[in-house]
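Fold and contact review
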Amino acid sequence: MTDIANRRPLALKTLTTVFLVIWLIAAAFPFVWTVWGSFKVEADFFSRQSWWMAIEGTRTQAQTGSAFTLQGYEGAWIKNEFWKAAINTMIVTLSVTIISLTIGTLGGYALARSGYRYAFWILIAALVFRAMPHITLVSGYMLPFFELNIWGVLPTTIIVLVAINQPFTLWMLHSFFLSIPKDLDESAMVDGCTRFQAFRMVIMPVMWPGVITTGLFSFLLGYNDFAVTSMLLSQQNQTMVPKIASFLGSIQNEGNVMFAVAAVVSATVPLFILVLFFQRQIVSGLTAGAVKG
Amino acid sequence: MPHRTFLVFIAPSILAMVLFITLPILSVIVQSLFVQHEAVLITVENCTPFGCEKETRVDHAAMQALREERPLGQFAGFANYLNRNHLAVDEIGAILSNNQGFGDTLSRIFNLPFYRALSFTLLYCFVVTPLAMALGFAVALAVNTLPRLMKGPVIFFSLLPMIITPLVGSLILSWMFNPSGILGASLQSLTGDPGLSLRASPIMTWIVLLVYGIWTNGPFSFVVFYAGLQTVPQDTMESARIDGANRWEVTRFVIIPHLAPLATFVALVQLMDNFRVFEPIVGFSAEANATSLSWLVFNDLVGQDAQLFGSAASTSVITIAGVLILLAPVLLRTWRDFNRKAA
């Protein structure tokens, strides 16, 4: 379209700008505020007098001698052993991502290349499974896991998260595989490859963008989960999110909300970095499901 | 692809889903038919120099033995579904046969835990989904007019509310809405009511939860609609303009119809996700004023002394039924499309 047709009246232009600015403040300000506040003492961040104190750090200055303090982080990471939870989160999310992708690419490829009816029904079943609230599944696991004595450990949680993640992974990878022409693997097989060799050596090298995108979402699912990790992990194996939830119960009464604030900020940082580096993949992933699915 | 190869490729996936999704659903159905054992009581005689008295207490050893022997508990049939904490059939009957008008009936039904949770869950689903989609659409239209250089950073910040861990996101907002947090305090001084607290009244709690829902769900619609906007055929837009359509008419008659299939997809995904609303209730500690079906299950499972597996399981079964009802139109349409294609 030409620029003349696209030129917008001033009123509309102002309106869009104002709207966008308000939206950006709504989207970003809570994070900015909480990060800033995590370096203050509780009397400032939850000030009864005025929130201006959180900006200037009046009480922080009085209590610690400087306008910024690391007390919250010290309390969370060292005193309450948040570092253990961080390591557990790393183990769980990385394993979930790797296992999900390994079995998901195999399954997604098969679904994309099979022309039979049952492939379609498997996808529909996956859609239904995708809609199941996680906590309802968890209530099915608890008793059997207690009986089998595998409750509370990391491997159980990892496998459960992989399974819960599988429907989504299958759908996404299936639609990425569909976008790769069939001729590619068929000609490889004519040249003497087995099906698996064609998959491994011809298809996978061109699939990396799709795999990375799907991997991001598997990572997010493992990282953000609360229902499964809070119910299936014992106290000493907790990951970050249930650990933060347990802070709420035990710490709020002792006047150490700032530990929870610091922990929340710490748990947010990896997500920021993820979006910073993989923004394009996240956007394309959300769209791929929508446009093709 | 031959059946055998297909099976080999998909086996690990299917195995994982059958073991950890299908079997748990079956396990939930079985568990929902049982209740936990009644406490085994024994009477012991405590003799002190001042005489003997009888005391009744729970026999922990016997309970332990009973639990090990039959971990599921006692068979109860459909009792779990019908009791006060679930469908509350008797209570509903009593309310319907003896009440003072429609309002009274509603408020008394609303006081039953299951119906309270159900009404909030449905409200959350059907308020948050359309409003978040509208917000996402508006943001997408606005971002689309930005110069190229600005789009990247704006999209970055717009993604944050969606990407954030739900529990963490709701905690961040709940601290801001706290009476001594920045938004809570500002609201108090704006309205001039020092007692105003978002936790105090059910309506306020509901509004805050809905605001959180729209905040966290908006970006997903934004991203999908924004991508859709890039594919709107420019020729159609141009000819509509030449034919004298104004900006609003172009949006209404060219852009919106083009995005309609995407909107169906977004609505479906958002409804599924919003139906399991759970973390915000924990994050905002809103359980006194608002509960959801998922939260009821969670609450039964974290019970301090005894976990109520039967009760949690029957809520779960009802929730799963709810999901299927929600999905029914989609499934029916897919079924019909598929049969038409096959025919």
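Residues numbered from 1 in each chain as written. Chains lettered and ligands numbered in written order. Predicted model: local features only at pLDDT ≥ 70, side-chain atom pairs only at ≥ 80, totals over all residues. Heavy atoms only, no water.

We now examine the overall build of chain B. A tally of regular secondary structure across chain B gives 15 helices and four strands. The globule rule puts the C-alpha radius of gyration for 343 residues at 20 Å, and the 27 Å found for chain B is more than 25% above it. Taken over the C-alpha atoms alone, chain B extends approximately 105 × 70 × 45 Å along its principal axes. Excluding contacts between residues fewer than 6 apart, the proportion of contacts in chain B whose partners are at least 24 apart in sequence is 68%. Approximately 17000 Å² of chain B is accessible, and the part contributed by carbon and sulfur atoms is 65%. One finds the centroid of the 19 positive side-chain charges in chain B at a distance of 12 Å from the centroid of its 21 negative side-chain charges. (Helix = DSSP H or I, 4+ residues; strand = E, 2+ residues; numbered from the N terminus. Rg over C-alpha atoms; globule rule 2.2 N^0.38 Å. Contact = heavy atoms within 4.5 Å. Areas by Shrake-Rupley, 256 points an atom, 1.4 Å probe, with all protein chains shown as cover. Lys, Arg positive; Asp, Glu negative; His and termini not counted. Charge placed at Lys NZ, Arg CZ, Asp CG, Glu CD.)

Turning our attention to helix α9 (residues 182-191) of chain B. An α-helix turns once every 3.6 residues. As a result, residues three or four positions apart point the same way. For α9 of chain B, the complete set of buried residues consists of I182, G184, A185, S186 and Q188 of chain B. Backbone geometry just after α9 of chain B places G192 of chain B at a positive phi near 70°. (Buried < 20%, exposed > 50% of the residue type's maximum accessible area, 1.4 Å probe, protein only.)

This paragraph deals with the domain arrangement of chain B. Residues and elements named next belong to chain B. The assigned domain composition of chain B is domain 1 (118-286) and domain 2 (292-333). The C-alpha-based centres of domain 1 and domain 2 are spaced at 26 Å. Taken together, the contacts link 12 residues of domain 1 with 11 residues of domain 2. Buried area between domain 1 and domain 2, summed over both chains or domains, comes out near 1000 Å², and the portion from carbon and sulfur atoms is 83%. A per-residue breakdown of the area domain 1 buries against domain 2 is headed by L268, F275 and F278, which together make up 46% of the total. Where domain 1 meets domain 2, there are zero salt bridges. Residue assignment for the side of domain 1 that touches domain 2 shows that the elements contributing at least two residues are α6 (113-144), α12 (247-275) and α13 (279-283). Among the elements that line the side of domain 1 that touches domain 2, the one with the most residues is α12, at four residues. Tallied by class, the residues present in the side of domain 1 that touches domain 2 amount to 10 nonpolar, one polar and one charged. (Domains from an automatic or database assignment. Buried area = accessible area lost by both parts, 1.4 Å probe. Salt bridge = Lys/Arg side-chain N within 4 Å of Asp/Glu carboxyl O. Nonpolar A, V, L, I, M, F, W, Y, C, P; charged D, E, K, R; others polar.)

Residues and elements named next belong to chain B. Across eight bridges, the pairing between strand β2 (residues 41-48) and strand β3 (residues 51-58) is antiparallel. Bridging across to β3, V44 finds its partner in E55. Linkage of β2 to β3, two consecutive antiparallel strands, is achieved through a turn of two residues. (Pairing = 2+ DSSP bridges.)

Residue and element names in this part refer to chain B. UniProt tags residues 7-30, 121-143, 155-177, 203-229, 250-272 and 308-332 as "transmembrane region" (unreviewed entry). The annotated region residues 121-143 carries 100% helix and 0% strand content, and the separation between its end C-alpha atoms amounts to 32 Å. Summarising residues 155-177: 91% helix, 0% strand, and an end-to-end C-alpha distance of 26 Å. (UniProt positions renumbered as here; feature names shortened; annotations may be inferred.)

Our next topic: the side chain of T157 of chain A. Residues and elements named next belong to chain A. In this structure, T157 sits in helix α10 (residues 154-178). By relative accessible area, T157 is classed as buried at 0%. At 3.2 Å, the side chain of T157 forms a polar contact with the backbone oxygen of V153. Ignoring sequence-local partners within four residues, the contact set of T157 consists of V228, T229, L232 and L233. (Polar contact = N/O pair within 3.5 Å; in protein donor to acceptor, adjacent residues only side chain to side chain.)

Quite often, the size of an interface is put as the accessible area lost when its parts meet. Contacts between chain A and chain B engage 102 residues on the former and 95 residues on the latter. Taking both sides of the interface into account, the surface hidden between chain A and chain B amounts to around 8900 Å²; carbon and sulfur atoms contribute 80%. With a closest N to O distance of 3.2 Å, R130 of chain A and D273 of chain B form a salt bridge. Inspection of the chain A/chain B interface yields 14 residue pairs in polar contact (both at pLDDT 80 or more). If you tally residues by element for the side of chain A that touches chain B, the top one is helix α15 (residues 257-292) of chain A, at 17 residues.

Let's shift gears to the UniProt feature "transmembrane region" (unreviewed entry) in chain A. All names here are of chain A. Mapped onto this numbering, the UniProt entry gives "transmembrane region" (unreviewed entry) at residues 12-36, 85-111, 118-138, 158-180, 201-223 and 257-278. Helix makes up 100% of residues 12-36 and strand 0%, whereas the separation of the span's terminal C-alpha atoms amounts to 35 Å. Between the first and last C-alpha atoms of residues 257-278 the distance is 32 Å; the span itself is 100% helix and 0% strand.

This part takes up the pattern of salt bridges. This model, assessed by the stated rule, comprises seven salt bridges over all chains. With its nearest N and O atoms 3.5 Å apart, the salt bridge here joins E81 of chain A to K84 of chain A. Accessibility expressed as a relative area gives 36% for K84 of chain A, which makes it partly exposed. The partner of R340 of chain B in a salt bridge is D337 of chain B, and the shortest N-O contact between them spans 3.8 Å. You can see R340 of chain B and its partner D337 of chain B sitting in helix α15 (residues 309-342), three residues apart, about one turn around the helix. For R340 of chain B, a relative accessible area of 58% translates into the label exposed. With relative accessibility at 32%, the residue D337 of chain B sits in the partly exposed group.

Okay, the confidence of the model for chain B next. Averaged over every residue, the pLDDT of chain B is 87; residues scoring 70 or more account for 99%. The secondary-structure element of chain B with the lowest mean pLDDT is β3 of chain B, recorded at 76, while α6 of chain B shows the highest, at 94. (pLDDT = per-residue confidence, 0-100.)

A word on a nonpolar patch on the surface. Residue and element names in this part refer to chain B. Side chains of L15, V18, L19, L23, L26 and I29 sit close together on the surface and give an oily, nonpolar patch of about 520 Å² of accessible area. Assignment of secondary structure puts L23 in helix α1 (residues 3-31). A relative accessible area of 42% places L23 in the partly exposed class. (Patch = residues over 30% accessible without salt bridge, like charges linked within 9 Å, V, L, I, M, F, W, Y side chains within 5 Å.)

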